[in-house]
Amino acid sequence: GRKSTFMNTQLELPSFAKVVSDSIITISGAADEPVQTDVDLRPYIAESGFGHLIVIAEPVSGDFKGTWKYRPWHVTWMQITNLGVDFFSFGDQDCRVLCTTLVDGGTVQGAEVRFAHSGRSPVGSTDDTGVAKIPAGSFPSGRRAPVTAVVSYGSDSVLLENLRVFPRFSNSVTQAVFTFDDRKLYKPKETVTIQGIVRELHLIQDGRARELRLPRSSCMAQWTACDSRGVEVAKGTTGLSPACSVRIEFCLPDNVNTGDAHVRIQVGGAEWHGHTFQVQEFRRPECKVSAAMRTQQPVILGGVG
């Protein structure tokens with residue numbers, strides 16, 4: 001495999017990887033000018049049209065004027081596949097792998113699932129619904145260590161990295177908060193209005209399902225608004241409505257920093273929820289639009305009346 005030194009370290013390709021090309025490409029354009037360069041990778045793909053490529057781009061040593069170990073470089077891992085794979089964890093007892101085709105979204109039956117730590121033996125195969133059940137014994141000890149899954153169907157394959165399976169808690173309660181504002185874009189000195197809907201997710205059936213419930217109406221929502229540079233512009237505490245919604249209003253100061261602003265909301269001491277909006281200086285168009293009827297014939301809207 002190819003080795004590339006970076007910051008006094010070496011970048012090594014996996015042992016199963018094979019170098020298929022190591023070439024210099026001429027890039028047109030002036031110095032320090034952004035330019036797009038197309039590289040044809042089709043000659044390095046298998047005849048089936050599927051496969052995996054790792055592309056490493058870095059400057060030529062003779063052309064780079066700076067310190068070589070600080071040179072810019074970029075690594076891209078490409079998967080050429082028709083498979084769409086999703087991994088669902090239900091705690092440390094079992095999990096599901098859903099395999100569909102990217103051509104029309106249909107399910108794929110007979111796709112094999114392997115874990116890198118288990119060698120080449122498959123740990124599951126998808127049924128006629130495209131789902132494979134992975135038993136608990138297939139995961140490494142401790143359950144929390146990340147695993148790498150390979151899902152293959154014929155000559156096509158997909159690799160999923162850093163999959164984690166955490167224990168489930170049958171009595172765990174999490175909070176779901178959905179927020180929206182009136183227009184997402186504001187000017188300094190304008191009033192921001194945010195509405196939020198708060199619900200609780202209770203795990204039931206030994207963690208296999210979730211039930212949506214209303215939180216206690218006595219819960220209070222604490223919130224803090226900051227501008228694009230993290231400067232606090234407003235904060236407060238708001239109670240929940242009988243329908244367990246929350247309404248937040250505050251006025252932006254005249255000297256607020258423009259850009260991406262955010263509001264952090266915490267209900268009943270649970271985890272924080274974030275909401276973002278834009279603050280910009282702009283002038284509304286100074287124009288006037290008018291409309292007039294130029295015919296005396298009757299006009300019918302919405303069907304025959």
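Rules used throughout
Residues numbered from 1 in each chain as written. Predicted model: local features only at pLDDT ≥ 70, side-chain atom pairs only at ≥ 80, totals over all residues. Heavy atoms only, no water. Helix = DSSP H or I, 4+ residues; strand = E, 2+ residues; numbered from the N terminus. Buried < 20%, exposed > 50% of the residue type's maximum accessible area, 1.4 Å probe, protein only. Contact = heavy atoms within 4.5 Å. pLDDT = per-residue confidence, 0-100. Salt bridge = Lys/Arg side-chain N within 4 Å of Asp/Glu carboxyl O. Disulfide = S-S within 2.5 Å. Pairing = 2+ DSSP bridges.

## Digging into the overall build of the protein
Of the regular secondary structure elements, the protein holds zero helices and 20 strands. Relative to its full complement of 305 residues, the protein shows a buried share of 29%. Across the protein, the fraction of contacts at a sequence separation of at least 24, relative to all contacts at a separation of at least 6, is 51%.

## Details of the confidence of the model for the protein
When the pLDDT values of the protein are averaged, the result is 82; 80% of them are 70 or greater. Within the model, pLDDT remains below 50 along residues 1-9, and this stretch shows 26 contacts once partners closer than five positions in the same chain are excluded.

## What to know about the pattern of salt bridges
For the coordinates displayed, the defined rule picks out seven salt bridges. The residue E190 makes a salt bridge to R183 at a minimum N-O spacing of 2.5 Å. In this structure E190 comes out as buried when scored by relative accessible area, which is 16%. The closest approach of N and O atoms between E249 and R247, which form a salt bridge, is 2.8 Å. The exposure class assigned to E249 is partly exposed, which follows from its relative accessible area of 43%. Connected via shared salt-bridge partners are D182, R183 and E190.

## So, the state of the cysteines
Per the counting criterion, the structure on display carries zero disulfides. Here C219 is not cross-linked by a disulfide; its sulfur's nearest cysteine counterpart is in C244, at 7.7 Å. A relative accessible area of 6% places C219 in the buried class.

## Concerning the pairing of strand β11 (residues 156-163)
Judged from the six bridges that link them, strand β10 (residues 147-153) and β11 form a sheet pairing that is antiparallel. Paired with V150 across the strands is L159, a residue of β11. Linking β10 to β11, which pair antiparallel, is a turn of two residues; within it G154 sits at a positive phi near 65°.

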